[in-house]
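Residues per chain, in single letters:
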Amino acid sequence: MKLLASMLTAAALAAPVFSAFAAGAAPKAAKPDLVKGEATYTAVCAACHGADGNSAIAANPKLSQQHPEYLVKQLQEFKSGKRNNAVMKGFAAALSDDDMRNIAYWVAAKPIKPGFAKDKDLVALGERIYRGGIADRQIAACAGCHSPNGAGIPAQYPRLSGQHADYTVAQLNMFRDGSRANSQQMTQVAAKLNDKEIRAVADYIAGLR
């Protein structure tokens, strides 16, 4: 009887574990290694994106304070070719998933240096589009997904505030012409914007904080 009781107790204790495996539960990912993240970032990313993620080159995005899940997704899509960029594909191809996570979480913890709107004639138009969209052309407000202050929504929608206007213009143009095809939602929005509107909203975003 004691042996039977022991066997039943062991089975009961094992049941939740078995159920988890049967349901396809995956083990939790290890915490990102920020020390390794800094080392890999410094070796691979800093030359183009700045020592702390605040790129000084307007064509290269600032990465500091970006949502780490979003950064990982972009690196994975550069690596797979879903997001087309020959330079970034080369760098991403050499990174493992752990490398990507380590880099993303390290640079996300760095404070972003604020940017500034530069075109006074366009910034008012940019603010109207960002905050209210263009209703008669069914263009949604950027703030709806990226938040009123440009902080975005973690994982799904990237932080935009303080981003270089030149970089934002380039990305919106690429969404519009189809050369960046990793967000159907952004392709649809950019398709409705003209050159002036793209420049205006990019300049406004640069000064958001």
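Criteria and cut-off values
- For every chain, the first residue of the written sequence is number 1, and numbering continues from 1 onward in sequence order.
- At least 70 in pLDDT is required for a residue's local features to be given in this predicted model, at least 80 for side-chain atom pairs to be given and counted, and no such filter applies to totals for whole chains, interfaces and linings, which use all residues.
- Side-chain descriptors were evaluated using all non-hydrogen atoms of the structure, hydrogens and water having been removed beforehand.
- Helix numbers and strand numbers start at the N terminus; a helix is a DSSP run of H or I with at least 4 residues, a strand a run of E with at least 2.
- In this scheme, a residue with accessible area under 20% of its type's maximum is buried, one over 50% is exposed, and one in between is partly exposed, where area comes from a 1.4 Å probe on protein chains only.
- Note on contacts: a residue pair is in contact if any heavy atoms of the two residues lie within 4.5 Å.
- Per-residue and other accessible areas were derived by the Shrake-Rupley procedure at a 1.4 Å probe size, with only the shown protein chains allowed to occlude residues.
- The span one expects for a helix is its residue count, reduced by one, times 1.5 Å.
- Throughout, an axis means a line fitted to C-alpha atoms (over the contacting stretch in the case of helices), and angles, computed between N-to-C directions, take values from 0 to 180 degrees.
- Put simply, angles under 35 degrees are roughly parallel, angles over 145 are roughly antiparallel, angles from 65 to 115 are roughly perpendicular, and the rest are oblique.
- The residue classification treats Ala, Val, Leu, Ile, Met, Phe, Trp, Tyr, Cys and Pro as nonpolar and Asp, Glu, Lys and Arg as charged. All others, Gly included, are polar.
- Cavities and pockets are found on a 1 Å grid laid over the protein atoms alone: a cavity is a set of points where a 1.4 Å probe fits but cannot escape, a pocket is an open set with protein on both sides within 12 Å along at least five of seven lines, and a lining residue has an atom within 4 Å of such a point.
- Grid points are joined across faces, edges and corners, and a volume is the space filled by probe spheres set on the points.
- Just so you know, the count uses Lys and Arg for positive and Asp and Glu for negative, and it drops His and the chain ends.
- One side-chain nitrogen of Lys or Arg within 4 Å of one carboxyl oxygen of Asp or Glu is enough to make a salt bridge.
- Contacts described as polar in this section are N or O atom pairs within 3.5 Å, which, within protein, must combine one atom able to donate a hydrogen with one able to accept it, while residues neighboring in sequence count only if both atoms come from side chains.
- Per-residue confidence from the predictor is reported as pLDDT, which spans 0 to 100.

K.L.:
Quick one: what's the story with the overall build of the chain, residue by residue and with numbers?
P.N.:
Scanning the chain for helices and strands turns up eleven helices and zero strands. Looking at the chain as a whole, 38% of its 209 residues are labelled buried. Sequence separation of at least 24 residues holds for 65% of the intrachain contacts in the chain that already meet a minimum separation of 6. If you sum the accessible surface of the chain, you get close to 12000 Å²; carbon and sulfur atoms cover 62% of it.

K.L.:
Run through helix H6 (residues 97-108), naming residues and quoting values.
P.N.:
Counted at 1.5 Å a residue, the expected span for H6 with its twelve residues is 16 Å, and the 16 Å between its end C-alpha atoms agrees. Listing the buried residues of H6 in full gives Met100, Asn102, Ile103, Ala104, Trp106, Val107 and Ala108. Tucked inside the fold, the buried residues of H6 contact helix H2 (34-44), helix H4 (68-80) and helix H5 (86-93).

K.L.:
How would you sum up the packing of H4 against H5? Please name residues and give values.
P.N.:
Contact pair H4 / H5: the axes reach a minimum separation of 7 Å and the direction vectors enclose 100°. Taken together, the axis directions place H4 and H5 in an arrangement best described as roughly perpendicular. Together, Leu75, Phe78, Lys79 and Ser80 of H4 and Met88, Lys89, Ala92 and Ala93 of H5 make up the contact between the two elements. For the contact of H4 with H5, the per-class residue count stands at five nonpolar, one polar and two charged.

K.L.:
Requested: an account of the layout of surface pockets, with residues and values cited.
P.N.:
Here the second largest pocket is characterised by a volume of approximately 280 Å³. What lines the second largest pocket is a set of 15 residues, among which Phe116, Lys118, His164, Ala165 and Asp166 lie closest to the centre. Taken together, the elements giving at least two residues each to the lining of the second largest pocket come down to helix H9 (165-177) and helix H11 (195-206). Among the residues making up the lining of the second largest pocket, the classes are represented as six nonpolar, four polar and five charged.

K.L.:
Outline the side chain of Arg83, listing residues and values.
P.N.:
Note on placement: Arg83 falls in the loop between H4 and H5. Comment: no salt bridge for buried Arg83; closest opposite-charge side chain is Glu77, at 6.8 Å. Here the side chain of Arg83 touches Gln171 through a polar contact of 3.1 Å, side chain to side chain. Among all residues touching Arg83, those that are not within four sequence positions of it are Gln74, Glu77, Phe78, Tyr167, Gln171, Arg180 and Asn182.

K.L.:
Hey, could you go over the pattern of salt bridges for me, with residue numbers and the actual values?
P.N.:
What the rule picks out here adds up to five salt bridges. Linking Glu77 and Lys73 is a salt bridge whose minimum nitrogen-to-oxygen distance equals 2.9 Å. Of this pair, Glu77 and Lys73 both sit in helix H4, separated by four residues, roughly a single helical turn. Looking at Glu77, the relative accessible area reads 8%, which means it is buried. Owing to a relative accessible area of 33%, Lys73 belongs among the partly exposed residues under this scheme.

K.L.:
Describe empty space enclosed by the protein, with residues and values.
P.N.:
For the structure on display, the rule yields one cavity of 30 Å³ or more. In this structure, the largest cavity spans a volume of roughly 40 Å³. Residues that form the lining of the largest cavity fall into these classes: two nonpolar, four polar and two charged.

K.L.:
Which residues make up the confidence of the model for the chain, and what values go with them?
P.N.:
On average, residues of the chain carry a pLDDT of 89, and 86% of them reach 70 or more. Scored below 50 in pLDDT, residues 1-23 shows one contact in the model against residues more than four places distant or in partner chains.

K.L.:
Describe unusual backbone geometry, and please don't skip the residues or the numbers.
P.N.:
A negative phi angle characterises most non-glycine residues, just as the trans form characterises most peptide bonds. Located in the positive-phi region is Gln138, a residue other than glycine, with phi close to 55°. Position of Gln138 relative to the elements: it lies in the loop between helix H7 (120-132) and helix H8 (143-146). Residue classification places Gln138 among the exposed positions, given a relative accessible area of 65%. The phi angle at Ser147 is positive, at roughly 75°, despite the residue not being glycine. Among the structural elements, Ser147 can be located in the loop between H8 and H9. Since its relative accessible area comes to 14%, Ser147 is described here as buried.

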